[in-house]
Amino acid sequence: MSTIVQKYGGTSIDGREKILAIAERLAALRGSGHDVVVVVSAPGGTTDSLLRDATALAAEPSQRELDMLMTAGERISMSLLAIALNSIGCPAISFTGSQVGIITDTKHTDARILEVRPERVVRELASGNVVVVGGFQGVSTAKDVTTLGRGGSDTTAVALAAALGAERCEILTDVDGVYTADPNAIPAARKITEISFGDMSELARYGATVLKEDAVRFAEENGITLHVRKSGSDAAGTIVLDEPTRPCPPVTGLSLLEDVELLTWEHMPAGAAAEIGELSGRVKFVLTLGDQTLVAVERAAMERLLDRSDGNMSARRADLICAVGRDAGSAASAATARAALEDSGEKLLAMVSEGRSTVVAVRPGGARRALEALHDVFFPPTRTER
Ligand code: ADP
Ligand code: ASP
Ligand code: MG
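The structure presented is a predicted model; accordingly, all values stated were derived computationally and were not measured.

Draft legend 1. View of helix H1 (residues 16-31). An ideal rise of 1.5 Å per residue puts 22 Å on 16 residues; H1 measures up with 22 Å between its terminal C-alpha atoms. Within the sequence span of H1, burial applies to Ile-19, Ile-22, Ala-23, Leu-26, Leu-29 and Arg-30. Viewed end-on, H1 has its buried residues packed into an arc of 120 degrees, placing them on one side of the element. Facing away from the buried side of H1 by over 90 degrees, the exposed positions are Glu-17 and Gly-31. Tucked into the core, H1 has its buried residues touching strand S1 (3-8), strand S2 (35-40), helix H3 (63-87) and strand S6 (130-134). Just beyond H1, the residue with positive phi is Gly-33, at close to 100 degrees.

Draft legend 2. Expanded view of the packing of helix H5 (residues 153-164) against helix H7 (residues 213-222). Between H5 and H7, the shortest axis-to-axis distance is 8 Å and the interhelical angle comes to 15 degrees. Judged by the angle between their axes, H5 and H7 are roughly parallel. Both H5 and H7 take part in a crossing whose hand is left-handed. Where H5 abuts H7, its residues Asp-154, Thr-155, Val-158, Ala-159 and Ala-162 lie against Asp-214, Ala-215, Phe-218, Ala-219 and Asn-222. Classifying every residue of the contact of H5 with H7 gives 6 nonpolar, 2 polar and 2 charged.

Draft legend 3. Structural view of the site of ligand 2. Every residue close to ligand 2 is listed here: Ser-41, Ala-42, Thr-47, Glu-74, Phe-136, Arg-150, Gly-151, Gly-152 and Ser-153. Between Gly-151 and ligand 2, the recorded distance is 2.9 Å, taken from a backbone N or O atom to an oxygen atom. Residue Ser-153 places a main-chain N or O atom 3.0 Å away from an oxygen atom belonging to ligand 2.

Draft legend 4. View of the nonpolar core. Formed by 58 residues in total, the largest nonpolar core has its most connected members in Val-37, Met-200, Phe-285 and Leu-320. Tallying contributions element by element places H5 first for this core, with 6 residues. Excluding residues that lie within four positions of it along the chain, Val-37 makes contacts with Thr-3, Ile-4, Val-5, Gln-6, Val-121, Leu-125, Val-131, Val-133, Leu-160 and Leu-164.

Draft legend 5. Region of interest: unusual backbone geometry. Although it is not a glycine, Thr-109 sits at a positive phi angle of roughly 70 degrees. Residue position: Thr-109 is located in the loop between strand S4 (102-104) and strand S5 (113-116). Of the residues examined, Thr-109 reaches a relative accessible area of 22% and is grouped as partly exposed. If you check the backbone angles, Phe-136 has positive phi at about 75 degrees while not being a glycine. Within the secondary structure, Phe-136 is located in the loop between S6 and strand S7 (137-140).

Draft legend 6. Examining the pattern of salt bridges more closely. Counted by the stated rule, this structure contains 23 salt bridges. Between Asp-154 and Lys-7 there is a salt bridge, and its shortest N-O distance comes to 2.7 Å. With Asp-154 in helix H5 and Lys-7 in strand S1, this pair connects stretches of sequence that are 147 residues apart. Taken individually, Asp-154 and Lys-7 each receive the classification buried, so the pair is uniform in this respect. Among the ionic pairs, Arg-64 bridges to Glu-65, the shortest N-O distance being 2.9 Å. Assessed through its relative accessible area of 31%, Arg-64 is described here as partly exposed.

Draft legend 7. View of helix H2 (residues 46-57). Taking 1.5 Å of rise per residue, 12 residues should cover 16 Å, and H2 covers 17 Å from first to last C-alpha, within 8% of that figure. What H2 keeps buried is the set Thr-46, Thr-47, Leu-50 and Ala-54. Projected down its long axis, H2 carries its buried residues within an arc of 100 degrees, all on one side. Exposed and facing more than 90 degrees away from the buried side of H2 are Arg-52 and Ala-56. The inward-facing, buried residues of H2 contact H3.

Draft legend 8. Just the site of ligand 1, in detail. In the neighbourhood of ligand 1, 16 residues make up the surrounding shell, with Thr-173, Asp-174, Tyr-179, Asp-182 and Asn-184 lying closest. One nitrogen or oxygen atom from the main chain of Gly-10 is found 3.2 Å from an oxygen atom belonging to ligand 1. Tyr-179 has a polar backbone atom sitting 2.9 Å from a nitrogen atom of ligand 1. In the complex, 83% of the free accessible area of ligand 1, which totals 570 Å², lies under the protein chains. A breakdown of the residues in the shell around ligand 1 according to their chemical character gives 7 nonpolar, 6 polar and 3 charged.

Draft legend 9. Structural detail: the sheet that holds strand S13 (residues 253-265). Spatially, S14-S15-S13-S16-S18-S17 is the arrangement adopted by the 6 strands of the open sheet, whose pairing is antiparallel. Each end of this open sheet is capped by a strand with a single partner; those strands are strand S14 (283-289) and strand S17 (348-354). Mean inter-strand twist for the sheet, computed between neighbouring axes without regard to direction, equals 25 degrees. In this sheet, strand S18 (residues 357-362) lies alongside strand S16 (residues 313-324) in antiparallel orientation, the contact comprising 6 bridges. Bridge pairing in S18 places Ala-323 opposite Thr-358. Each of S17 and S18 is contacted by helix H10 (residues 331-344), which is oriented at about 165 degrees to S17, the strand it contacts most. Most of the contacts of helix H11 (residues 367-378) go to S13, to which it runs at about 130 degrees, and overall it touches S13, S16 and S18.

Calculation notes
Residues numbered from 1 in each chain as written. Chains lettered and ligands numbered in written order. Predicted model: local features only at pLDDT ≥ 70, side-chain atom pairs only at ≥ 80, totals over all residues. Heavy atoms only, no water. Helix = DSSP H or I, 4+ residues; strand = E, 2+ residues; numbered from the N terminus. Expected span 1.5 Å × (residues − 1). Buried < 20%, exposed > 50% of the residue type's maximum accessible area, 1.4 Å probe, protein only. Arc of directions from axis to C-beta. Contact = heavy atoms within 4.5 Å. Axes fitted to C-alpha atoms, helices over the stretch in contact; angles between N-to-C directions. Parallel < 35°, antiparallel > 145°, perpendicular 65-115°, else oblique. Left-handed = near helix turned anticlockwise from the far one by under 90°. Nonpolar A, V, L, I, M, F, W, Y, C, P; charged D, E, K, R; others polar. Near = heavy atom within 4 Å. Polar contact = N/O pair within 3.5 Å; in protein donor to acceptor, adjacent residues only side chain to side chain. Core = buried A, V, L, I, M, F, W, Y, C linked by side-chain atoms within 4.5 Å. Salt bridge = Lys/Arg side-chain N within 4 Å of Asp/Glu carboxyl O. Areas by Shrake-Rupley, 256 points an atom, 1.4 Å probe, with all protein chains shown as cover. Pairing = 2+ DSSP bridges.

The following block contains the structure:
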């Protein structure tokens with residue numbers, strides 16, 4: 001029997017009605033002859049609320065205890081969904097990440113999956129259960145509960161799909177696919193039918209939260225095609241795969257990452273360069289202009305670099321917009337982006353083009369206007385839209 005892994009995000013699993021509706025759909029899927037594994041996130045807003053509870057008690061809570069706390073959100077969803085499934089006559093059992101053998105490193109709040117030991121899931125599927133798994137969590141090699149970084153339920157779904165040799169991995173969310181820009185910010189954004197792993201992970205890296213970057217990379221490494229769809233709908237969504245089967249436009253999409261730090265050194269000390277090397281995912285770009293080095297980092301990483309700055313570093317906040325696609329990193333696309341920003345009146349703080357992307361930094365608060373201007377120029381309205 002073929003296995004389907006579905007992942008439901010927080011907004012999809014918020015409240016009794018939505019949980020029951022999901023249970024009905026899962027029961028129908030099980031009834032059509034598939035083995036079904038369902039990964040769930042915490043109910044919408046729960047993880048943020050738990051984090052607020054912790055920081056109300058301590059400015060810098062222990063990372064280990066934060067993981068204990070945050071995994072509670074997913075436990076709520078997984079047990080409620082299993083209860084709902086059983087109540088409609090569809091046998092189901094729920095598990096934490098630890099129980100389904102998701103083994104991670106020891107980096108609390110941002111752990112990497114090292115191995116998945118899915119024997120228990122396989123056994124439960126064989127005995128006819130729908131298996132419900134709490135996303136975003138695992139157990140470390142030191143036997144502590146860990147979380148996989150914000151949005152990490154996507155990673156759980158892909159890791160389980162790979163370990164189980166699943167036929168499909170579906171990410172069900174509150175939008176009906178991946179768009180040319182966040183459709184909640186840019187109403188004119190268009191749904192993308194197919195997108196490559198490379199373009200999707202770059203969009204995710206620069207703020208397209210619809211998929212987590214790690215999950216996309218993991219899917220690529222393990223040859224797992226992803227289907228992004230709207231929860232509760234049968235409409236076709238977006239397929240994330242090695243190579244789109246149809247011709248792609250020169251720019252595939254745009255993403256927006258708000259609130260980063262742009263750090264500038266006249267002469268970067270060796271210590272800072274070493275720190276940057278260690279920050280991997282939190283560094284967005286490094287740009288060298290003569291003696292000056294400009295580094296864009298997520299705000300959370302700034303303190304560490306400040307410590308190594310030897311006093312010659314300056315910092316300013318910025319928003320980043322990234323254009324991704326086969327021609328997005330070309331000189332022509334960079335010139336188009338520059339001209340569009342100039343016309344919009346938004347000042348360009350920095351710009352980096354490489355490979356398949358161009359990233360622009362603009363002042364905080366200016367990004368929405370800049371994103372609109374770039375979307376208009378890279379995805380001009382078709383005649384029927386005008
Ligand atoms: P979930 O709780 O289901 O994991 P997320 O909030 O993590 O949902 O991701 C879905 C959100 O991603 C959408 O509501 C949308 O605002 C945002 N998003 C950002 N960029 C894009 C994009 N390019 N295409 C679609 N959605 C996007
Ligand atoms: N609940 C977690 C978060 O809010 C994980 C997830 O939603 O994927 O980040
Ligand atoms: Mg998400």
